[in-house]
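Next come the chains, spelled out residue by residue.
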Amino acid sequence: MADTIILEIARYSPERDREPTFKSYEVPVHKDWVILDALNHVKDKVDGSLTYRWSCRMGICGSCGIMVNGEPKLGCATFLSSYAGTGNKVRVEALRYFPVVRDLVTELSDFLAKLKKVKPWLIPDNEPPLSEGEFLQTPEQLENYKQFAMCINCTLCYAACPVVGLDSTFVGPAAIALAQRYNKDSRDGGTQERTAVLAHPEGIWGCTFVGECTRVCPKHVDPAGAIQQYKVEAVLQWARTLILPWGQKKSQKTREEAGSAAAD
Amino acid sequence: MQQLTNAPLYTEYHPRWYRPHVSVYWWLGQWRYLKFILRELSSVFVAAVIVMTLFQLRALRNGPEAYAHFQQRMQSPVIIAFAVISLFFVVFHSITWFNLTPRAMPVRLRGKRIPEWMVAAPNYALWAIVSFIISWLVLGGRG
């Protein structure tokens, strides 16, 4: 039998409780067990009412984000054994700053609405006809946005960002990083549309560069970097429209022409 | 069918969700957040040092007597204590911001992103050079 560790899990039942309370569960520590394995053990063997999200158990789906000893972590990527020496207790809570639906399950509709607002999809500019074949990209062009494309929407960065907690209107790290993912894509032409949404106190200017989002990101997306680079680009874009107001109108016109040509 | 499509997918207000309250002292619990607050606070001391420098320049313009008076005022223990604290915060401010420059400036060389320290290093180098020149001008002039 392996050693054991105490999991202190925040339990919240919307029917019964006013706020979450901690309940302790003793779980075995196996060398290859992650926190998610321990949660599954509790649910299977001890208390079937424990509620949490999980799916792929391999850092791809981004659903098992939880607070482990006050740090946002993926349950599937955090080894239980790394906490065995620290007082033999691990505190597991729902991700910080999100409304809690039950136990460790957070409410994500606000995040999803914000994500949609930044248009995280390709908005092609002068889209070539299908007969021209694939839209090829060089490895350098791919490299430009690949890092930001690794985001799995696990929302750990939201739980790490104090601005998210203090200002509920802030769009947040992952959404801005994903906007940057499409801005940096050579096939995309929607930068102006996204900047119209994001060059705003609730967008990039809401970020005070705490940098914690980058530190906790399990996919090394670097949302803090994305936001600061976006700030630089937004200022340059603004300066360009100030110096060359006709440049912006022209590009808008070409887009409209391209749009009507495509409609024809 | 009509009702189904019109029904809201989510409700913004839900009485049964637990909505955690963010304490005013959220930054006290972890060193990382405290460090951020100290970094933000350091701007106040940076501003204070700039104001002090402006006063010094004004005294310099007003002649030797005014400058001697300024120097005398600067020798008060309160001002010296404030200057020491300011020095700490100005250094803290510079280091934390220099270390953050690679985040905002992804410099690419031949298609590859150069290591972070190579972006931060020129800042430190420039800082050292400017500090050396200024101290040489100030201390060298006396010697």
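Owing to the predicted nature of the structure, the values given are computational and were not obtained by experimental measurement.

Conventions used here
Residues numbered from 1 in each chain as written. Chains lettered and ligands numbered in written order. Predicted model: local features only at pLDDT ≥ 70, side-chain atom pairs only at ≥ 80, totals over all residues. Helix = DSSP H or I, 4+ residues; strand = E, 2+ residues; numbered from the N terminus. Buried ≥ 20, exposed ≤ 12 C-beta atoms within 10 Å, placed from the backbone. Contact = placed C-beta atoms within 7 Å. Nonpolar A, V, L, I, M, F, W, Y, C, P; charged D, E, K, R; others polar. Pairing = 2+ DSSP bridges. Arc of directions from axis to C-beta. Core = buried A, V, L, I, M, F, W, Y, C linked by C-beta atoms within 7 Å. Domains from an automatic or database assignment.

Observations regarding the overall build of chain A
So, step 1. Looking only at helices and strands, one finds ten helices and seven strands in chain A.
So, step 2. For the C-alpha atoms alone, the extent of chain A along its principal axes is close to 70 × 40 × 35 Å.
So, step 3. Across the 264 residues that make up chain A, the buried fraction comes to 38%.

Let's talk about the interface of chain B and chain A
Interface size, as often reported, equals the accessible area lost upon joining of the parts.
So, step 1. Listed as interface residues are 16 residues of chain B and, on the opposing side, 25 residues of chain A.
So, step 2. When residues of the side of chain B that touches chain A are traced back to their parent elements, those giving at least two are helix 2 (31-61) and helix 4 (77-104) of chain B.
So, step 3. Class assignment of the residues belonging to the side of chain B that touches chain A gives a composition of eleven nonpolar, one polar and four charged.

Topic: the pairing of strand 1 (residues 4-11) of chain A
All names here are of chain A.
So, step 1. Bridge count between strand 1 and strand 2 (residues 21-28): eight bridges; the pairing is antiparallel. What sits directly across from Arg-11, in strand 2, is Thr-21.
So, step 2. In this sheet, strand 5 (residues 89-93) lies alongside strand 1 in parallel orientation, the contact comprising four bridges. In the sheet register, Glu-8 faces strand 5, and the bridge partner there is Arg-91.

Here we look at unusual backbone geometry
So, step 1. If you check the backbone angles, A:Asn126 has positive phi at about 50 degrees while not being a glycine.
So, step 2. Relative to the helices and strands, A:Asn126 resides in the loop between helix 2 (109-117) and helix 3 (139-149).

So, the environment of B:His69
So, step 1. Inspection of the secondary structure puts B:His69 in helix 3 (residues 64-74).
So, step 2. As for B:His69 and B:Ala59, which are separated by ten residues in sequence, their C-alpha atoms are 8.3 Å apart.

Describing helix 7 (residues 191-198) of chain A
Residue and element names in this part refer to chain A.
So, step 1. Taken together, the buried positions of helix 7 are Thr-191, Arg-194, Thr-195 and Leu-198. Along the axis of helix 7, the buried residues cluster in a sector spanning 100 degrees; they form a single face.
So, step 2. Looking at the buried positions of helix 7, the neighbouring elements they touch are helix 6 (173-183) and helix 9 (223-243).

Thoughts on the nonpolar core
Residues and elements named next belong to chain A.
So, step 1. Core analysis: the biggest nonpolar cluster contains 62 residues, and Leu-7, Cys-157, Ile-176 and Leu-178 have the highest contact counts within it.
So, step 2. At seven residues, helix 6 tops the list of elements feeding residues into this core.
So, step 3. Viewed by domain, this core spans two of them, domain 1 (4-106) and domain 2 (109-263), each represented by three or more residues.
So, step 4. Excluding its chain neighbours within four sequence positions, the residues that come into contact with Cys-157 are Pro-173, Ala-174, Cys-213, Val-216, Cys-217 and Pro-223.

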